[in-house]
Amino acid sequence: MAKKSYRQAINEAIAQEMHRDPTVIVMGEDNAGGMGAPGEDDAWGGVLGVTKGLMPEFGRERVLDTPISESAFIGAAVGAAATGLRPVAELMFADFMGVCFDQIFNQAGKFRYMFGGKAVTPLVVRTMYGAGFRAASQHSQCLYPIFTHTPGLKVVLPSSPYEAKGLMIQAIRDNDPVIFFEHKVMYDDEEEVPDEAYTIPFGEANLTREGDDVTIVALGRMVSFANQVADKLDKDGISCTVVDPRTTSPLDVDTILECAEETGRVVVVDEASPRCGMASDIAALIGQNVFGALKAPVRMVTPPHTPVPFAPELEDAYIPSVDKIEAAVRDVAGYAR
Amino acid sequence: MSDRIQAITMPKWGLAMEEGMVVAWLAEEGGAVEAGQEILEIETTKITNVYEAPAAGTLRRRGVAEGETVPVGALLGLLAAPSVPDAALDAFIENFNANFAVKVAEAEAAAPEPETVTAGGIGLNYLRMGSEGGTPLVLIHGFGGDLNNWLFNQPALSETHDVLALDLPGHGRSSKEVGAGDMAMMTGVFGDFLDAVGIERAHLVGHSMGGTLALVFAMEKPERVAGLTLIAPAGLGPEINMDFIDGFIGAGKRKEMRSVLELLVADPALISRDMINDVLKYKRLDGVDRALRALAEGLFPDGQQATLALDDVARLQAPISVIWGQNDRILPVAHADTLRGQVQVHRLEGVGHMPHMEAAAQVNRLIEAALG
């Protein structure tokens, strides 16, 4: 099986769905690039090249370059979804989502509910998130908790190339609005990805490691960090389960609680800000539901509650690191009342 | 006394295997071992299996400790006569390790890769290993399986034979088109497959549903079948454990799939998380769910097997060797008694529905014996 990057996996997923279903369209800033200007067509393929090659293959009618106006083109995508297309809209950086909250929260996220289940909104909003790209505080945030907070939206955080392809195809086929978060530092990560189309269902957590001592719940890019920690500690006699929820909405609460109950010791790793985040949410679910099984307080490994710093040294210190996760796991593993 | 030194090296079980862990030594250093004696238990991320001595001799050195993980091809131990001096063993080890990197690179370059052919209008994935010449062996997996099910058999058998393993329609990396999902479709595609890979006549080794395929094909095209090894073949009686068939089709989560796959084997510890992951990944592919449902509907309508015409089977000229696990929980071992004619039946103790994985070395010997 061929190794493919996270970027290729997402591109291939979109291309295969465009082949399968003529109602799938792609739109966003520079998704092809070079529109209306002399020079190369398909010059960009999105700011980091994820949609490169789609315009030459499927044409300008299905791969639309939009003006730099998120409120306009996300609104257009919501309308297109409500009237029979399956748009995959790229909102470049999740940080820019603020200007189209109404379109996402009040329109896309509410149609199905407010129209008595008779309206579907098969929209995918692709967006980049995460720190580590030296892109400063306006281009580095992990804003998925905000979307997870809003009922009516599905929120996806693929943790590897294999996951990205299967979750993207699922997102395109899903009849509800899906916010698809791509970690910009992971685009060149590679692993074996099948050539055929496949889907990974939403709301089903993946256990990337299985162990007896500590459960690490990790999201997005943090899953690979947690795996590294689990592999390292396994040699030191601490065996870890790593839970990748895959989607934060719907969230596979059952699997998280089951694993927490089995090990009795839990570390939650989240790259998003700590207040009102997934880590605190998951820690609360565990505390409420399986308190009796806990052998140690649930530890959260998150950044501090600050903007993402621009200075490289500070940015590196900000992101939850393998070392910090390892320290937290050792801490809960050794905890005694 | 021979002064020959025989290296015991980490085997390569399956295309994806890169390293293995020595779980336990089953023979003492300095002790005599027979050829074929189980001397090591080796664990990969996918499965644990025993390793048999490639030759008789004294286990002079155990080079790897229990619990240690080493790459494929690495030296695990040495077999030699007691008369071989220690200095010769030391020199052998030094020489082996000095050339190890080169040998690994050569082995990687020569490693067989799966290929695709078009047969019956669809793409079929298959792996061919071994030497040209002689009657080829074709390995045919069962319902929900793929060519990787033969990971312990194909490499061993290919040392002396031309061995092909294919992914049946709807399975593995082959096309997920299964048409009517019945045996006529399967044998039609299978005949075209043999044509496409240039095989006129072969010895067929079929497991479960693949066993039915082999039998039916032998009845349709007796001139193309030199012999049959049937491992827990389907189609010999109405009873089948539909908990497995329905469970396999329905299971989407790891836990559900584990309990389904555990039905396949006598020792549930054989089912590793990698094995479960591989099955789940296969089941997520577009078209697989439809293909499996069509096959189940075509082959086991109303929860029963369509039984083959056993009188016709009895008239087959080709010798038939049947291998069945006494603890098979999918197809009852009693079905073996229904076969008449040129049939030899081997019932294996403590083995479930996957004898070729659960008792690989024994099954390999039985296949070799059937080939004559």
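The rules behind these values
Residues numbered from 1 in each chain as written. Chains lettered and ligands numbered in written order. Predicted model: local features only at pLDDT ≥ 70, side-chain atom pairs only at ≥ 80, totals over all residues. Helix = DSSP H or I, 4+ residues; strand = E, 2+ residues; numbered from the N terminus. Buried ≥ 20, exposed ≤ 12 C-beta atoms within 10 Å, placed from the backbone. Contact = placed C-beta atoms within 7 Å. Nonpolar A, V, L, I, M, F, W, Y, C, P; charged D, E, K, R; others polar. Domains from an automatic or database assignment. Pairing = 2+ DSSP bridges. Right-handed = clockwise from strand over helix to strand, strands pointing away. Axes fitted to C-alpha atoms, helices over the stretch in contact; angles between N-to-C directions. Core = buried A, V, L, I, M, F, W, Y, C linked by C-beta atoms within 7 Å. pLDDT = per-residue confidence, 0-100. Arc of directions from axis to C-beta. Parallel < 35°, antiparallel > 145°, perpendicular 65-115°, else oblique.

**Brief notes about the overall build of chain A**
Point 1. The helix and strand tally for chain A stands at 12 helices and 14 strands.
Point 2. The C-alpha extent of chain A, read off along each of the three principal axes, is 65 × 45 × 40 Å.
Point 3. Taken over 337 residues, chain A has a buried fraction of 55%.
Point 4. Counting contacts in chain A only where the partners sit at least 6 residues apart, residues at least 24 apart contribute 77% of the total.

**Quick notes on the interface of chain A and chain B**
Point 1. Between chain A and chain B, the contact holds 11 residues from the first and seven residues from the second.
Point 2. Considered class by class, the residues forming the side of chain A that touches chain B number six nonpolar, two polar and three charged.

**Remarks on the domain arrangement of chain B**
Where interface size is quoted, it is often the accessible area lost as the parts come together.
All names here are of chain B.
Point 1. One can read the domain layout of chain B as domain 1 (5-110) and domain 2 (115-371).
Point 2. The interface of domain 1 with domain 2 comprises 11 residues on the first partner and 11 residues on the second.
Point 3. The residue makeup of the side of domain 1 that touches domain 2, split by class, is three nonpolar, five polar and three charged.

**Comments concerning the environment of Glu-315 of chain A**
Residue and element names in this part refer to chain A.
Point 1. You can see Glu-315 is positioned in helix H11 (residues 312-318).
Point 2. Taking the C-alpha atoms as reference points, Glu-315 and Arg-134, 181 residues apart in sequence, are found 7.6 Å from one another.
Point 3. What Glu-315 contacts, discounting residues up to four positions off in sequence, is Ala-131, Gly-132, Arg-134, Val-308, Pro-309 and Phe-310.

**So, the pairing of strand S10 (residues 214-218) of chain A**
Residues and elements named next belong to chain A.
Point 1. With five of its five residues buried, S10 lies for the most part within the structure.
Point 2. Where burial is concerned, the two faces of S10 agree: the one with Val-214, Ile-216 and Ala-218 and the one with Thr-215 and Val-217 are both buried.
Point 3. As defined by bridge partners, S10 adjoins strand S11 (residues 240-244) across four bridges and the pair is classed as parallel. Residue pairing for S11: Ile-216 is matched across the bridge by Val-242.
Point 4. Regarding topology, helix H8 (residues 222-235) serves as the crossover connection from S10 to the parallel S11, and that connection is right-handed.

**Here's the deal with the sheet that holds S11 of chain A**
All names here are of chain A.
Point 1. Spatially, five strands are ordered S9-S11-S10-S13-S14 in an open sheet, and the strand pairing comes out mixed. Each edge of the open sheet carries a strand with a single partner, namely strand S9 (206-209) and strand S14 (299-301). Looking at each pair of strands side by side, their axes are set apart by 25° on average, direction ignored.
Point 2. Taken together, the three bridges between strand S13 (residues 266-269) and S14 define a ladder with parallel strand orientation. Paired with Val-268 across the bridge in S14 is Met-300.

**Brief notes about the nonpolar core**
Point 1. In this structure, Ile-216, Ala-226, Val-267 and Val-329 of chain A are the most contacted members of the largest nonpolar core, which totals 100 residues.
Point 2. Here this core spans two domains, since at least three of its residues come from each of domain 1 (3-192) and domain 2 (206-333) of chain A.
Point 3. Among the nonpolar cores identified, the runner-up in size contains 87 residues, and Ala-165, Ile-276, Val-313 and Val-351 of chain B belong to it.

**Here we look at the confidence of the model for chain B**
Point 1. On average, residues of chain B score 91 in pLDDT, and 99% of them reach the 70 mark or higher.
Point 2. Here the complex is predicted with pTM 0.88, and the ipTM for its interfaces comes to 0.87.

**Details of the environment of Phe-101 of chain A**
Point 1. Residue placement: Phe-101 of chain A occurs in helix H4 (residues 101-108).
Point 2. Residues Phe-101 of chain A and Ile-74 of chain A lie 27 residues apart in sequence; the distance between their C-alpha atoms is 9.5 Å.

**Section: the domain arrangement of chain A**
Residues and elements named next belong to chain A.
Point 1. Splitting chain A by domain gives domain 1 (3-192) and domain 2 (206-333).
Point 2. For domain 1 and domain 2, the distance between their C-alpha centroids amounts to 27 Å.
Point 3. Contacts between domain 1 and domain 2 engage 24 residues on the former and 23 residues on the latter.
Point 4. If you list the elements that add at least two residues to the side of domain 1 that touches domain 2, you get helix H6 (144-149), strand S6 (154-156), helix H7 (161-173) and strand S7 (178-183).
Point 5. Classifying every residue of the side of domain 1 that touches domain 2 by side-chain character gives 13 nonpolar, eight polar and three charged.

**Section: the sheet that holds strand S10 (residues 122-130) of chain B**
Residues and elements named next belong to chain B.
Point 1. With mixed pairing, the eight strands of this open sheet are ordered in space as S9-S10-S12-S11-S13-S14-S15-S16. Two strands bound the open sheet, and with one partner strand each, they are strand S9 (115-119) and strand S16 (343-348). When the angles between neighbouring strand axes are averaged without regard to direction, this sheet yields 25°.
Point 2. Where strand S11 (residues 137-140) meets strand S12 (residues 162-166), four bridges bridge the pair, whose relative direction is parallel.

**Describing helix H9 (residues 253-263) of chain A**
Residues and elements named next belong to chain A.
Point 1. Within the sequence span of H9, burial applies to Thr-255, Ile-256, Cys-259, Ala-260 and Thr-263. Summarising the axial view, the buried residues of H9 lie within an arc of 130°, below the 170-degree limit, and thus occupy one face.
Point 2. Phi turns positive, to about 75°, at Gly-264, one or two residues after H9.

**Thoughts on the environment of Thr-135 of chain B**
Point 1. Mapped onto the elements, Thr-135 of chain B comes out in the loop between S10 and S11.
Point 2. Residues Thr-135 of chain B and Asn-153 of chain B, spaced 18 residues apart in sequence, show a C-alpha to C-alpha distance of 17 Å.

**Looking at the packing of helix H7 (residues 254-262) of chain B against helix H8 (residues 273-284) of chain B**
Residue and element names in this part refer to chain B.
Point 1. Running from amino to carboxyl end, H7 crosses H8 at an angle of 110°, the nearest separation of the two axes being 10 Å. Here H7 lies roughly perpendicular to H8, going by the angle between them. Side by side, H7 and H8 meet where Arg-254, Met-257, Arg-258 and Leu-261 of the first sit next to Met-275, Ile-276, Val-279 and Leu-280 of the second.
Point 2. Residues of the contact of H7 with H8, tallied by class, amount to six nonpolar, no polar and two charged.

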